Amino acid sequence: DQQVKQNSPSLSVQEGRISILNCDYTNSMFDYFLWYKKYPAEGPTFLISISSIKDKNEDGRFTVFLNKSAKHLSLHIVPSQPGDSAVYFCAASVYSGGYQKVTFGTGTKLQVIP
Amino acid sequence: KAGVTQTPRYLIKTRGQQVTLSCSPISGHRSVSWYQQTPGQGLQFLFEYFSETQRNKGNFPGRFSGRQFSNSRSEMNVSTLELGDSALYLCASSLVPGTSGSNEQFFGPGTRLTVL
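A brief look at the structure comes next. (Residues numbered from 1 in each chain as written. Chains lettered and ligands numbered in written order. Predicted model: local features only at pLDDT ≥ 70, side-chain atom pairs only at ≥ 80, totals over all residues. Heavy atoms only, no water.)

**Looking at the overall build of chain B**
Each helix and strand in chain B was counted, giving zero helices and 11 strands. In sequence order, the secondary structure elements of chain B are arranged as β-β-β-β-β-β-β-β-β-β-β. For a compact globule of 116 residues, the expected C-alpha radius of gyration is about 13 Å, and chain B comes in at 14 Å, within 12% of that figure. Overall, chain B is about 40 × 25 × 25 Å in size when its C-alpha atoms are taken along their principal axes. Side-chain charges of chain B comprise 11 positive and 6 negative groups, with the mean position of each set lying 4 Å from the other. (Helix = DSSP H or I, 4+ residues; strand = E, 2+ residues; numbered from the N terminus. Rg over C-alpha atoms; globule rule 2.2 N^0.38 Å. Lys, Arg positive; Asp, Glu negative; His and termini not counted. Charge placed at Lys NZ, Arg CZ, Asp CG, Glu CD.)

As structure tokens, then:
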């Protein structure tokens, strides 16, 4: 049962335009959401996060939006740059059984075309 | 501060063999988690260790096991390898697993395992 889903395996965007990566989840108990970026031959690196009590968090070119009623979050990258080309994973966490459990999505490969 | 290191980076094994992968977390980090990454499956959680104790385990068969040493270094072992075990195995460390969902994980570069 995939509790965190990224339905778009890939996305292509022109440089300078907006990239929107989507993520859906099923567990309403998730209380924190994170985005990681992964380049080939490297491990994922943390990008941005949002608490379930917020609906938006912004960090430079990156903004994450959370719609709890729809169980949906999205990552906006504006403007997109070629260096943003990577695989993006969303993750959701819940405090359960005395510790935090993190579930990752399947990833979306973003290609920013110069 | 040095990042998470994993050894070896690449490994080729044949079916039926067993393999041990190693992970050294960031200095001071006491929690280590292991993930399997395959195309289309994303990051699948294997297990998490804290203070030499397995605290959480994903839905993987018993052929997958791990341990953590007193210096927080961790190893995972896969016995009786199958073709489907071919994947990138990622290790992630964090300071102390706590109640905050903002407990960011730091990933190593992974070990690419190929089973022939």
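This is not the end of the story, as more comes after the structure.
**Some points on the overall build of chain A**
Along its length, chain A carries zero helices and 11 strands. Mapped in sequence order, the helices and strands of chain A form the string β-β-β-β-β-β-β-β-β-β-β. For 114 residues, the compact-globule estimate of 2.2 N^0.38 gives 13 Å, and the C-alpha radius of gyration of chain A, at 14 Å, lies within 12% of that figure. Projecting the C-alpha coordinates of chain A onto the three principal axes gives extents of approximately 45 × 30 × 20 Å. The buried share of chain A, taken over its 114 residues, is 45%. Residue pairs at least 24 apart in sequence account for 54% of intrachain contacts in chain A once pairs closer than 6 positions are excluded. (Buried < 20%, exposed > 50% of the residue type's maximum accessible area, 1.4 Å probe, protein only. Contact = heavy atoms within 4.5 Å.)

**Let's talk about the side chain of N56 of chain B**
Tracing the backbone shows N56 of chain B in strand β6 (residues 53-57). Here N56 of chain B is in contact with Y99 and K101 of chain A together with F45, F47 and E48 of chain B, once residues within four sequence places are set aside.

**Brief notes about the interface of chain B and chain A**
Contact with chain B, which involves 24 residues of that partner, is made by 21 residues of chain A. Buried surface at the junction of chain B and chain A, summed over both partners, amounts to about 1800 Å²; 54% is from carbon and sulfur atoms. Counting across the interface, chain B meets chain A through zero salt bridges. Across the side of chain B that touches chain A, the residue classes tally to six nonpolar, 14 polar and four charged. (Buried area = accessible area lost by both parts, 1.4 Å probe. Salt bridge = Lys/Arg side-chain N within 4 Å of Asp/Glu carboxyl O. Nonpolar A, V, L, I, M, F, W, Y, C, P; charged D, E, K, R; others polar.)

**Remarks on the sheet that holds strand β3 (residues 19-24) of chain B**
Residue and element names in this part refer to chain B. Read across the sheet, four strands follow the order β1-β3-β8-β7 without closing on themselves; strand pairing throughout is antiparallel. If you trace the sheet from one side to the other, it starts and ends with β1 (5-7) and β7 (64-68), each paired once. Going from strand to strand, the sheet's axes swing by 20 degrees on average, the running direction of each strand aside. Bridge count for β1 against β3 is three bridges, and the pairing is antiparallel. Of the residues in β3, the one forming a bridge with T7 is S22. (Pairing = 2+ DSSP bridges. Axes fitted to C-alpha atoms, helices over the stretch in contact; angles between N-to-C directions.)

**Looking at the nonpolar core**
Residue and element names in this part refer to chain A. Membership of the largest hydrophobic core comes to 24 residues, with the highest contact counts inside it found for F33, W35, L73, L75 and Y88. Among the elements that make up this core, the one with the highest residue count is strand β9 (residues 86-96) (five residues). Excluding residues that lie within four positions of it along the chain, L75 makes contacts with S19, I20, L21, W35, L47, I48, F62, T63 and Y88. (Core = buried A, V, L, I, M, F, W, Y, C linked by side-chain atoms within 4.5 Å.)

**Topic: the sheet that holds strand β8 (residues 72-77) of chain A**
Residue and element names in this part refer to chain A. The five strands lie next to each other as β1-β3-β8-β7-β6, forming an open sheet whose pairing is antiparallel. With one partner strand each, in any of the chains shown, β1 (4-5) and β6 (56-59) form the two edges of the open sheet. Taken together, the six bridges between strand β7 (residues 62-67) and β8 define a ladder with antiparallel strand orientation. Residue pairing in the sheet places L66 in a bridge with L73 of β8.

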